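# Descriptive analysis of the structure
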Amino acid sequence: MATFKSIFKSFVLFKEPKKAETYILKETENEGVKNESIDNEKPRKNEALLLDKDKDKEKKNEGEDTEKSDISKKLSENLEYIKKRFSVPINGDVVIREFDIIIKDKAVPAFLFFYDGLVDRKVVNDDVLQPLMLLSNLDIKGNEKDIASFVKDHLIPHNQLKVEKQMEKVIDMVNFGGCGLFVDGCDVAFSLDVKGWEHRGVERPNTELVIRGPQEGFNEISRVNTALIRKRLKDEDLIVQDIEIGRRSKTPTSLLYIKDIANDSLVREVRRRLKSLKVDYISDTGELEQLIEDSTFLPAPQMLATERPDRVATLLTEGKVAVVMNGSPFVLVMPVTSHELVYSAEDEYVRFPYSNLLRFIRIMGVLLSLLLPGLYVAITTFHHEMIPTSLLLAVVSAREKVPFPSVVEILVMELSFELIREAGIRIPGPIGPTLGIIGALILGQAAVAASIISPILIIIVAVTGLGSFAMPDFALGYAFRLLRFGYILLGAAAGFLGIATGIFIQGIWFASAKSFGVPYMTPLGPKTTTKWYNEIFKAPIWQQEKRPDYLNTKAQKKQPNISRRWTIQKDGEGDENEE
């Protein structure tokens, strides 16, 4: 009731709107400088810069050494705390292995704990337990005074080992598939990365299939996904910054960008939104997308969700930022504009005439999916003079026995089509395609025979469905499926005037939207220095010299003016490596 009163007051009474500053992607001092010459070799760092970095590293190490430890030197206290924290013995998958380490002819108690099923048992046995229990009996020459240094430097050959002074860090590592090691007399603990859970391998993408191009797709393991990207971008300037999201899920998330290309303010804004999230549980980038998007009510997606490593690598070189989340095979790339959602990954691998033809077909599919049902309702209801007389007579004769008006007729068919499509997805795989074909044929034929709908409406709905399937981005397909019903109602209410009003409102809505500071309709509105037709349609690859202007990248050019050097070199030249 209180909510209804507040909504009613907001419509009746005037209230000064709150001024909220929106993020705008701007150029910085170092950005906007056009690098006309592209060198093959990156500039070497000077000695002063290296010295400054060494000083910062020393200060950081000094700060780490002065960090206080909350781990007890008594092994019994640590063991009791771990058992209480992990609800042992109620938790049946928590393994606590107690043993002794022989250090200088003295048996030192220790224990190892981990989750059964999250670790690789062979790694735990061969690289952790076996060295600690067997190698400690050998005569190891070492000058380490404390036990922790001796264990770290001589007894554990595992390569991914960290010395932790905080109990919470050890527990976080164990929750993420690691193991924790405590030794009696040490006020530190050891966390070892020994992940070994079952997971899906690298397979072909399911939603972005291509004929020509790489056939690898992301899976649910974040480190595998970042490795697939690094395999394509062999660049040390590619930054993978780890961020943890979720108070209970503690989902590992990685922020990816190329530091000498991406706009610094864009990276800071994405990092700020990720670190400011306060949620208990998050498991997929679909949830993350809803939490960090600019406009919640904009129907079109404001980030690109892709499961193709090659596409992410290409967009990172353009100056965009990517977010990889553990447990999700989709990677988010931001910012994104409306025309980029119509692109397919295959556009980069085919020649530009074919790519432009496919893009034109997709744009036509978008328009047909969005406007065709509304135009049909508007013409059959208000604007009979817009179609030839012979076609009008055919439509009227086909609808002669139909008892419903055009708007009811097409709404019934659209809802039936959406129902068949949703049922085909939810039903088990072998039955899904059969249900779609049989359901469409039987229902359509029976509805026409029963004079519930007209035959021409079957064609309209089929063409509309094909247009929606032509969109490469499934989230954009959802958006236009939703907006389609609005245009049907507008066409039934006011004909072409209603559809024109809808296009006007949608244009204003999309033009005012932003994706991480970038106007959604760029480069159509506002215009940029880059030619708009080169952004919408693909130019030859040797003419794609600049990165998108709206990203305000640090390096605007990605290749020299003449990238095909063979066109200006004579025979025999260019064989040797150029500096």
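What comes next concerns the included structure. Because the structure is predicted, anything quoted here is derived from the model rather than measured. (Residues numbered from 1 in each chain as written. Predicted model: local features only at pLDDT ≥ 70, side-chain atom pairs only at ≥ 80, totals over all residues. Heavy atoms only, no water.)

Another point: the packing of aromatic side chains. Taken as a whole, this structure holds nine aromatic pairs when the rule is applied. Judged by centre distance (6.0 Å) and plane angle (25°), the ring pair of Phe-113 and Phe-182 falls under stacked. Of this pair, Phe-113 sits in strand S2 (residues 107–115) while Phe-182 sits in strand S4 (residues 179–183), and the two are 69 residues apart along the sequence. Accessibility assignment for this pair places Phe-113 and Phe-182 in one class, buried. (Phe/Tyr/Trp six-rings, centres within 6.5 Å; stacked < 30°, edge-to-face > 60°. Helix = DSSP H or I, 4+ residues; strand = E, 2+ residues; numbered from the N terminus. Buried < 20%, exposed > 50% of the residue type's maximum accessible area, 1.4 Å probe, protein only.)

Next up on the list: the packing of helix H13 (residues 406–426) against helix H15 (residues 455–469). Two quantities define a packed helix pair, namely the angle between the axes and the distance from one axis to the other. Where H13 meets H15, the axes come as close as 10 Å, and the angle between the chain directions of the two elements is 45°. When the axes of H13 and H15 are compared, the pair comes out oblique. Seen along the crossing, H13 lies across H15 with a hand that is right-handed. Contacts from Glu-409, Ile-410, Met-413, Glu-414, Phe-417 and Arg-421 of H13 reach H15 at Leu-457, Ile-458, Ile-460, Val-461, Thr-464, Gly-465, Ser-468 and Phe-469. (Axes fitted to C-alpha atoms, helices over the stretch in contact; angles between N-to-C directions. Parallel < 35°, antiparallel > 145°, perpendicular 65-115°, else oblique. Left-handed = near helix turned anticlockwise from the far one by under 90°. Contact = heavy atoms within 4.5 Å.)

Once that is clear, we can look at the pattern of salt bridges. Under the counting rule described, the total for this entry stands at 29 salt bridges. Close ionic contact of Glu-220 with Arg-200 constitutes a salt bridge, the shortest N to O distance being 3.1 Å. Here Glu-220 is found in the loop between strand S5 (189–192) and helix H7 (222–232), whereas its partner Arg-200 is found in the loop between S5 and H7, with 20 residues between them in sequence. Judged by its relative accessible area of 25%, Glu-220 falls in the partly exposed class. Via salt bridges that share partners, Glu-414, Glu-418, Arg-421, Arg-481 and Arg-484 belong to a single interconnected network. (Salt bridge = Lys/Arg side-chain N within 4 Å of Asp/Glu carboxyl O.)

Nonpolar side chains collect at one region of the surface, where Leu-357, Leu-358, Phe-360, Ile-361, Met-364 and Leu-367 lie side by side and expose about 530 Å² of accessible area between them. Tracing the sequence through the fold places Leu-357 in helix H11 (residues 352–381). (Patch = residues over 30% accessible without salt bridge, like charges linked within 9 Å, V, L, I, M, F, W, Y side chains within 5 Å. Areas by Shrake-Rupley, 256 points an atom, 1.4 Å probe, with all protein chains shown as cover.)

On to the environment of Gly-92. One can find Gly-92 in the loop between helix H3 (75–85) and strand S1 (94–102). Accessibility expressed as a relative area gives 75% for Gly-92, which makes it exposed. Considered as a pair, Gly-92 and Asp-116 are 24 residues apart in the sequence and their alpha carbons are 8.8 Å apart.

So, about the sheet that holds S4. Strands in a sheet are paired, the pairing made by backbone hydrogen bonds, and the direction either parallel or antiparallel. Reading across the sheet, the five strands line up as S1-S2-S4-S5-S3 and stay open at both edges, with antiparallel pairing between neighbours. Edge positions in the open sheet fall to S1 and strand S3 (161–164), since each of these has one partner strand only. For this sheet, the mean angle separating the axes of adjacent strands, direction not counted, is 25°. Pairing of S4 with S5, which is carried by four bridges, proceeds in the antiparallel orientation. Bridge pairing in S5 links Gly-180 to Ser-191. (Pairing = 2+ DSSP bridges.)

Moving on, we come to unusual backbone geometry. That bond from Met-334 to Pro-335 is cis: its omega, -5°, falls within 30 degrees of zero. Here Pro-335 lies in the loop between strand S10 (331–334) and H11. A positive phi angle, near 50°, is found at Asn-552, a position not held by glycine.

All right, on to the pairing of S2 then. Every regular strand shows the same layout, with side chains that alternate between the two sheet faces. Counting buried residues in S2 gives seven out of nine residues, a clear majority hidden from the surface. Bridge analysis of S1 against S2 gives nine bridges, and the strand direction is antiparallel. Within S2, the residue paired with Arg-97 across the bridge is Leu-112. The turn joining S1 and S2, which pair antiparallel and follow one another in sequence, is formed by four residues; a positive phi near 55° is taken by Lys-104. By the bridge criterion, five bridges tie S2 to S4 in an arrangement that is antiparallel. What sits directly across from Phe-111, in S4, is Phe-182.

Bringing the sheet that holds strand S6 (residues 238–245) into the picture now. Spatially, the five strands line up as an open sheet ordered S6-S7-S9-S10-S8, and their pairing is antiparallel. Across the chains shown, the open sheet's two edge strands, defined by having one partner strand only, are S6 and strand S8 (304–306). On average, each strand axis in the sheet is tilted by 25° relative to the strand beside it, whichever way the strands run. Here strand S7 (residues 251–258) runs beside strand S9 (residues 321–325); their pairing, made up of four bridges, is antiparallel. Along S9, the bridge assignment pairs Leu-256 with Ala-322. Packed onto the sheet, H7 meets S6, S7 and S9 and runs at close to 165° relative to S6.

Listing the buried residues of helix H9 (residues 285–292) in full gives Thr-285, Leu-288, Glu-289 and Ile-292. Along the axis of H9, the buried residues cluster in a sector spanning 105°; they form a single face. Turning to H9, the residues buried within the fold contact S6, helix H8 (264–275), S9 and S10. Where H9 starts, the residue carrying a side-chain oxygen 2.8 Å from the main-chain nitrogen of Gly-286 turns out to be Asp-284. (Arc of directions from axis to C-beta. Polar contact = N/O pair within 3.5 Å; in protein donor to acceptor, adjacent residues only side chain to side chain.)

With burial as the criterion, each face of S10 is covered, one bearing Val-331 and Val-333 and the other bearing Leu-332 and Met-334. Sheet topology note: the S8/S10 ladder contains three bridges and is antiparallel. Bridge pairing in S10 links Thr-306 to Val-331. Both S9 and S10 contribute to a ladder of three bridges, which runs antiparallel. Within S10, the position partnered with Ala-322 by the bridge is Val-333. Hairpin remark: S9 followed by S10, antiparallel, with five residues in the connecting loop; positive phi at Gly-327, about 100°.

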